[in-house]
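Each chain, written out:
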Amino acid sequence: MSITNELLNTVLRHAGQEVSRKEFLSLAGRGLAVGVAATTLASCNSGGGSGSAAEAKPGTPTTGTPAAEVDASTTYTAPGGQTVPSSEAVSPPAKVPAGVDQPIELEAWKSDVDPQSGPVPTPLPPEQRVGYAIVGLGHLSLEEILPAFGECKKSKPVALVSGSPEKLKKVAAQYGITPESCYSYQDYEKLKDNPEVKAIYIVLPNSLHAEYVIRGASTGKHILCEKPMATSARECELMIDACKKAGVKLMIAYRIQYEPYNRQVRDMVRNSKFGKPKYIEAQNSQSSANPEHWRHKKALAGGGALPDIGLYCLNTSRFVLGTEPTEVFAYTYSSPGNPLFKEIEEMMSFQLRFPEGVVVNCVTDYNTHDSRFYRVSAERGWIHVDNAYAYTGQKLQTSHAEGPAKMQNQITLSEKNQFAAEMDHFSECILKNQPPHTPGEEGLQDHRIMEALYQSAREGRPVKLPAVQGTDVFRGPEPKQA
Ligand code: NAD
């Protein structure tokens, strides 16, 4: 029996009742003329009246071609004479709202047994996106930030600032940036006259953040600044002040606070999923080899492992708990004679005492194999995140007891590019004139705590911090989850 006959028989067998979608699709997948079948099925289902497989509920905006108008041939002949199976191309019912921020709602097909996908992203048309000038074309800009614009929905790169004309030329061509929108550090303030630039992203060594934020603010553009915010709390205050006076927004690029796994942990802890949090253990370690790099010069980096990577243990703990430490204790070590650690600490082990007896125990190191995790121990369970501070690859596990069983779960979320999420949040703040979730004050608080940590390490004793009442005191409103 031919496949066409088989379908027709199926249709006739089911005349007056609904043909199962599975049965229909299995036949269609074998190369049937779906145009004929869909028309026939629709007429069977409607008792011989009009209708189509793509017909929508009343009031639902739809797109697509009615099935009945499509040629009923079952094969397509390519220009070379080859024959391939042909199916009718149609658009199933979809809700297509006019608002640029409202996602298209496609025909649903997944059961709630599996994780739900979507919503469909709502990228802004290119001319409506916020234009960024990227300042400094080193590892982070070239390897992470510029590629991340490909996943942005509200942000686009429009200008570059660098000391290297060769890099400017090559990178501008790669990302579609015009030669007129490439600037040297000396010409930095000329960004003021570039109407495409709405935001400046500072991706320079730490000691240059203060100067470039303050000079950037004078151009009237909003500023996104990499972490650590600066090399001292005093610099942070000057940066915040300059941006306030210039009437521009200042956000610190704490990507972890926009990353889905860490946000999930924050929600579980704040909602007391396993009771009250009691203790956090955190580690962020990596290995470096070039003593000439700015990360190993105190004047440029401000410190060693602590401000560069230990900061993630500190900032993420504050983010997850929402409260602020009241006392800190730290111990540092640098291997004698190792040129990498002549000026900066190789390792810092530190403790943060939070309200209600919560203790955070951290270690950060520039001379051990890559390790980036934390574990929140709560009254009735623990939450563990591996690769917590990495760009990708977060692994979230929990443990709790149910009767005689110890339940250990692995939670999988869809990953998001953290740099894209962070830049799009800042763009949203600019477009809607809202304060950012991680403003300069959030960076300043980290610097105050880091200064207390260095003091503790120097003096060999715990250092108290001013008590801060409330939660999320230094953060702006929650980012919208795109
Ligand atoms: P990098 O050394 O790779 O790049 C630094 C850039 O600054 C280079 O293009 C360099 O030419 C330029 N520069 C200008 N003046 C300089 C000077 N005096 N000395 C050295 N370089 C100078 O550094 P990076 O890893 O891209 O780090 C840049 C900033 O980004 C730092 O503040 C760092 O802490 C931060 N960072 C953040 C993340 C994150 O995950 N958010 C990751 C890495 C780095």
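Because the structure is a prediction, the values reported are computed rather than measured. (Residues numbered from 1 in each chain as written. Predicted model: local features only at pLDDT ≥ 70, side-chain atom pairs only at ≥ 80, totals over all residues.)

Turning our attention to the sheet that holds strand 16 (residues 405-411). Ordered in space as 16-15-14-13-9-12-11-10-17, the nine strands form an open sheet in which the pairing is mixed. Each of the sheet's edge strands pairs with one partner strand only, and the pair in question is strand 16 and strand 17 (463-464). The pairing of strand 10 (residues 327-333) with strand 17 spans two bridges and is classified as antiparallel. Of the residues in strand 17, the one forming a bridge with glutamate 327 is lysine 464. With respect to the sheet, helix 8 (residues 260-270) is in contact with strand 9 (277-287), strand 13 (367-378), strand 14 (381-386), strand 15 (395-402) and strand 16, its orientation differing from that of strand 14 by roughly 165 degrees. Of the strands in this sheet, strand 9, strand 11 (347-353), strand 12 (359-365) and strand 13 touch helix 10 (residues 305-321), which is tilted by about 155 degrees from strand 12. (Pairing = 2+ DSSP bridges. Helix = DSSP H or I, 4+ residues; strand = E, 2+ residues; numbered from the N terminus. Contact = placed C-beta atoms within 7 Å. Axes fitted to C-alpha atoms, helices over the stretch in contact; angles between N-to-C directions.)

The subject of this paragraph is the site of the ligand. In the region of the ligand, 18 residues are neighbours, and Gly136, Gly138, His139, Leu140 and Glu226 sit closest. A breakdown of the residues in the shell around the ligand according to their chemical character gives nine nonpolar, five polar and four charged. When residues are assigned to domains, the shell around the ligand turns out to be shared by domain 2 (145-253) and domain 3 (256-417 + 428-464), each giving three or more. (Near = placed C-beta within 6 Å. Nonpolar A, V, L, I, M, F, W, Y, C, P; charged D, E, K, R; others polar. Domains from an automatic or database assignment.)

Now for unusual backbone geometry. At the junction of glycine 118 and proline 119, the peptide bond is cis and its omega measures out at 0 degrees in the coordinates. Along the polypeptide, proline 119 turns up in the loop between strand 2 (83-85) and strand 3 (130-135). For asparagine 387, which is not glycine, the phi dihedral falls at a positive 50 degrees. Relative to the assigned elements, asparagine 387 resides in the loop between strand 14 and strand 15. Of note, asparagine 433 is a non-glycine position whose phi angle comes to about 50 degrees, a positive value. Position of asparagine 433 among the secondary structure elements: in the loop between helix 11 (418-432) and helix 12 (440-459).

Once that is clear, we can look at the packing of helix 8 against helix 10. Interaxial distance between helix 8 and helix 10 falls to 8 Å at its minimum, and their mutual angle equals 45 degrees. Of the possible angle classes, the one that applies to helix 8 and helix 10 is oblique. In contact with Asn262, Val265, Arg266 and Val269 of helix 8, helix 10 contributes Thr316, Phe319, Val320 and Leu321. Its residues placed into classes, the contact of helix 8 with helix 10 shows five nonpolar, two polar and one charged. (Parallel < 35°, antiparallel > 145°, perpendicular 65-115°, else oblique.)

Here we come to the packing of helix 4 (residues 139-148) against helix 11. At a closest axis distance of 8 Å, the pairing of helix 4 and helix 11 adopts a crossing angle of 55 degrees. The angle between helix 4 and helix 11 falls in the class oblique. Crossing of helix 4 over helix 11 shows right-handed handedness. Taken together, the residues of helix 11 that come into contact with helix 4 (itself represented by Glu144, Ile145 and Ala148) are Phe419, Ala420 and Met423. (Left-handed = near helix turned anticlockwise from the far one by under 90°.)

If you look at soluble globular proteins, the nonpolar side chains tend to sit buried side by side. The biggest cluster of nonpolar side chains holds 102 residues, and the ones touching the most others in it are Ala133, Val135, Tyr201, Ile202, Val213, Ile223 and Leu453. Here this core takes 10 residues from helix 10, the largest share from any one element. Of the domains in this structure, domain 2 (145-253) and domain 3 (256-417 + 428-464) are the two that each give at least three residues to this core. Ignoring anything within four residues of it in the chain, the contact list for valine 135 reads Val161, Ile200, Tyr201, Ile202, Val203, Leu204 and Tyr212. (Core = buried A, V, L, I, M, F, W, Y, C linked by C-beta atoms within 7 Å. Buried ≥ 20, exposed ≤ 12 C-beta atoms within 10 Å, placed from the backbone.)

In this structure, strand 10 lies alongside strand 11, joined through seven bridges in antiparallel fashion. Note that in strand 11 the partner of valine 328 across the bridge is leucine 352. Relative to strand 12, strand 11 runs antiparallel, the two being bridged by seven bridges. By the bridge assignment for strand 12, glutamine 351 is matched with asparagine 361. The antiparallel pairing of strand 11 with strand 12 creates a hairpin that spans five residues between the two strands, and glutamate 356 there sits at a positive phi of about 60 degrees.

Turning our attention to the sheet that holds strand 6 (residues 199-202). If you walk across this open sheet you meet the six strands as 5-4-3-6-7-8, and the pairing is parallel. One side of each edge strand has no neighbouring strand; the edge strands of this open sheet are strand 5 (182-183) and strand 8 (250-252). Direction of pairing for strand 6 relative to strand 7 (residues 222-225): parallel, over a ladder of four bridges. Residue pairing across strands places alanine 199 opposite histidine 222, the latter belonging to strand 7.

On to helix 7 (residues 233-246), then. The end-to-end C-alpha distance of helix 7 is 20 Å, a good match for the 20 Å that 14 residues give at a rise of 1.5 Å each. Taken together, the buried positions of helix 7 are occupied by Glu235, Cys236, Met239, Ala242 and Cys243. Buried positions in helix 7, seen along its axis, are confined to an arc of 130 degrees and lie on one side of it. Buried residues along helix 7 sit in contact with helix 6 (209-217), strand 7, strand 8 and helix 12. (Expected span 1.5 Å × (residues − 1). Arc of directions from axis to C-beta.)

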